[in-house]
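Architecture and fold: a report
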Amino acid sequence: MKPTGVLMVGSVPGASAQEVFRRLATALPARLQAVPDGETGERCNYIGWQLQRFPRIARRNELGGIPLPESGSGLPTFTLADIEPTGYDEAALSSYTEFKRLRQQNIIPSNVRFQISLPSPYSVLAGHVKPELINAIEPLYEQRFVETIGHIVTNIPHDDVVIQWDLCFEITALEFDQGRLLDTRHQPYFSSPKGVLQGLVDRVVWLCERIPKDVKLAFHLCYGDLWHKHFIEPQDTSLLVELANALLARDTVGSRTQWIHLPVPKERTDSDYFSPLTGLKLDSFGSKPPDIYLGVVHANDEAGTKKRIETARASVPFPFGVATECGLGRTPPEEIDSILRICKEVTEGHLQENF
């Protein structure tokens, strides 16, 4: 049997949310349990549009920030007024209006949820803010995210949405901590007596606990896609499994996690890459564990995609769906049709059920 279902990780090239919704619903019939708006417009470059939320003095110098004063004058201080609202809520509510309209027209099936993909504050801060200022800014930016979440869940029915956290700089922080990634930009900006992994998970869980308990969660674990390259190539899936298990072990997170997505590099058709997935702790969730989506789909590579699926199926004891490694916002438009065609070709559709 083929894998069941497709996950669109988040960003998809398109002029508007309406265009993306129509394209995905048409290209992937019965494959999607949730559909994203494509992160179109200024959101297309992942966290890039969040840079302007921070005062220039706080931004990394290489991103147009103002150098800090000479030593002896002390570090600047900040208040919530210095950090602009994220804007993710306004984008989500605008897209949800289009989502509802297309569902009323039976273009989006009634059992498909609206997918909101959000970067973790950790990733945004690690990417944009001077390391020596992050500890001062982190609680303020987290508060802006709490406001964002509150606005979303107040205005979208809880049974109609999945909130997916995109965890990229968490992965690179773990790779740095293990000594594999040497670029100090990826060094964790905090110290924790419980270690880096639990410090990262604590941050994600704190945010998840600000989301009402009846809202489904999901996680995209990512090695980066800058210029279509990872920050570092994964040795295998062991680090991804470690992070996934740590998240699922938290009571306020695991029981309502709808899916976890893990990347698969194009060249990894070997069982060594997939074998650590046997360590995913899914048994404790009874008959409805989180869905697992593997990023086996690569553009213009149907044969390679099928080989990666074949190897994964021989290596892991649970069913899975397919996805690309990362969002498609920076993918050349000519590759999108190939990706969607392969996604449909290598999968079966979902049963008509409420996810």
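Everything below is about the structure printed above this text.
Reference entry: report on the structure contained in this document.

Cut-off values and rules
- Residues numbered from 1 in each chain as written.
- Predicted model: local features only at pLDDT ≥ 70, side-chain atom pairs only at ≥ 80, totals over all residues.
- Heavy atoms only, no water.
- Helix = DSSP H or I, 4+ residues; strand = E, 2+ residues; numbered from the N terminus.
- Buried < 20%, exposed > 50% of the residue type's maximum accessible area, 1.4 Å probe, protein only.
- Contact = heavy atoms within 4.5 Å.
- Lys, Arg positive; Asp, Glu negative; His and termini not counted.
- Charge placed at Lys NZ, Arg CZ, Asp CG, Glu CD.
- Polar contact = N/O pair within 3.5 Å; in protein donor to acceptor, adjacent residues only side chain to side chain.
- Right-handed = clockwise from strand over helix to strand, strands pointing away.
- Phe/Tyr/Trp six-rings, centres within 6.5 Å; stacked < 30°, edge-to-face > 60°.
- Pairing = 2+ DSSP bridges.
- Axes fitted to C-alpha atoms, helices over the stretch in contact; angles between N-to-C directions.
- Parallel < 35°, antiparallel > 145°, perpendicular 65-115°, else oblique.
- Left-handed = near helix turned anticlockwise from the far one by under 90°.
- Nonpolar A, V, L, I, M, F, W, Y, C, P; charged D, E, K, R; others polar.
- Salt bridge = Lys/Arg side-chain N within 4 Å of Asp/Glu carboxyl O.
- Core = buried A, V, L, I, M, F, W, Y, C linked by side-chain atoms within 4.5 Å.

This next bit is on the overall build of the protein chain. On a plain count of helices and strands, the protein chain comes out with eleven helices and seven strands. Considered along the principal axes of its C-alpha atoms, the protein chain spans approximately 65 × 45 × 40 Å. Looking at the protein chain as a whole, 56% of its 355 residues qualify as buried. Expressed as a percentage of contacts within the protein chain between residues at least 6 apart in sequence, the contacts between residues at least 24 apart total 80%. Averaging the positions of the 36 positive and the 45 negative side-chain charges in the protein chain gives two centres separated by 3 Å.

Take the environment of Y293 next. Mapped onto the elements, Y293 comes out in strand 6 (residues 291–297). Judged by its relative accessible area of 1%, Y293 is buried. Considered as a pair, Y293 and P188 are 105 residues apart in the sequence and their alpha carbons are 27 Å apart. The residues contacting Y293, other than those within four sequence positions of it, are G5, V6, L7, Q33, W259, I260, H261, L262, G321, V322, A323 and H350. Here Q33 takes part through its side chain, which lies 2.7 Å from a polar atom of the side chain of Y293.

Judged by how many residues are buried, strand 6 sits mostly within the fold: six of seven residues are covered. A crossover links strand 6 with its parallel partner strand 7 (residues 321–324), the connecting element being helix 10 (residues 302–315), and its sense is right-handed.

Let us look at the packing of aromatic side chains. Evaluated as defined, the whole model comprises 16 aromatic pairs. Ring plane angle 50 degrees and centroid distance 5.0 Å describe the contact between F54 and Y141, whose orientation is recorded as tilted. Highlighted residues: F54 in the loop between strand 1 (34–36) and helix 2 (88–104) and Y141 in helix 4 (residues 131–155), separated in sequence by 87 residues. Judged by relative accessible area, which is 1%, F54 ranks as buried.

The next point concerns the sheet that holds strand 7. Pairing within the open sheet is parallel, and its seven strands lie in the order 1-2-3-4-5-6-7. Among the strands making up the open sheet, the edge pair consists of strand 1 and strand 7. Averaged over neighbouring strand pairs, the angle between their axes works out to 30 degrees when direction is ignored. Two elements, strand 1 and strand 2 (residues 113–119), share three bridges in a ladder whose sense is parallel. Its bridge partner lying in strand 2, V35 is registered against F114. Helix-sheet contacts for helix 7 (residues 238–248) involve strand 3 (161–167), strand 4 (216–221) and strand 5 (257–263), and the interaxial angle to strand 5 is about 165 degrees. Against the sheet, helix 10 engages strand 6 and strand 7, with an angle of about 140 degrees to strand 6.

What follows covers the packing of helix 3 (residues 121–128) against helix 4. The interhelical angle for the contact between helix 3 and helix 4, taken along N-to-C directions, is 140 degrees, at an axis separation of 10 Å. The orientation of helix 3 relative to helix 4 falls into the category oblique. Here helix 3 and helix 4 pass one another in a crossing that is right-handed. In this structure, helix 3 uses P121, V124, L125 and A126 to contact helix 4, whose residues at the interface are I134, I137, E138, Y141, E142 and F145. Per-class residue counts for the contact of helix 3 with helix 4 are eight nonpolar, no polar and two charged.

Taken as a whole and judged by the stated rule, the model has 17 salt bridges. Among the salt bridges present, the one from D301 reaches R308, with a minimum N-O distance of 2.9 Å. With a relative accessible area of 16%, D301 lands in the buried category. On the basis of relative accessibility, which here comes to 1%, the residue R308 falls in the buried class. Linked by salt bridges that have partners in common, R60, E62 and R185 make up one network.

Turning next to the nonpolar core. Side chains of nonpolar character tend, in soluble globular proteins, to be buried together. Among the nonpolar cores identified, the biggest contains 108 residues, and W165, F219 and L294 are the most heavily contacted of them. Per element, the largest residue contribution to this core is nine residues, and it comes from helix 4. The contacts of F219, once residues within four sequence positions are left out, are Q164, W165, L167, V204, C208, L247, V253, T257, W259, I260 and H261. In this structure, L7, V9, V162 and A218 belong to the second largest nonpolar core, which totals eight residues.

Below, the discussion takes up the side chain of R59. Counting through the fold element by element, R59 comes out in the loop between strand 1 and helix 2. Of the side chains bearing the opposite charge, E84 lies closest to the buried R59, which forms no salt bridge; the N-O distance is 6.5 Å. Of the polar contacts made by the side chain of R59, one reaches the backbone oxygen of F54; its length is 2.8 Å. Dropping the residues within four chain positions of it, R59 is found in contact with L51, Q52, F54, G65, H128 and K130.

Moving on, we come to the packing of helix 10 against helix 11 (residues 333–345). In a packed pair of helices, the relevant descriptors are the angle between the two axes and the axis-to-axis distance. Interhelical geometry of helix 10 versus helix 11 gives an angle of 40 degrees and a closest axis separation of 10 Å. In terms of orientation, helix 10 lies oblique with respect to helix 11. Remark: the crossing between helix 10 and helix 11 carries right-handed chirality. Here helix 10 contributes E302, T305 and K306 to the contact with helix 11, which in turn contributes R341, I342 and E345. Of the residues assigned to the contact of helix 10 with helix 11, the class counts are one nonpolar, one polar and four charged.

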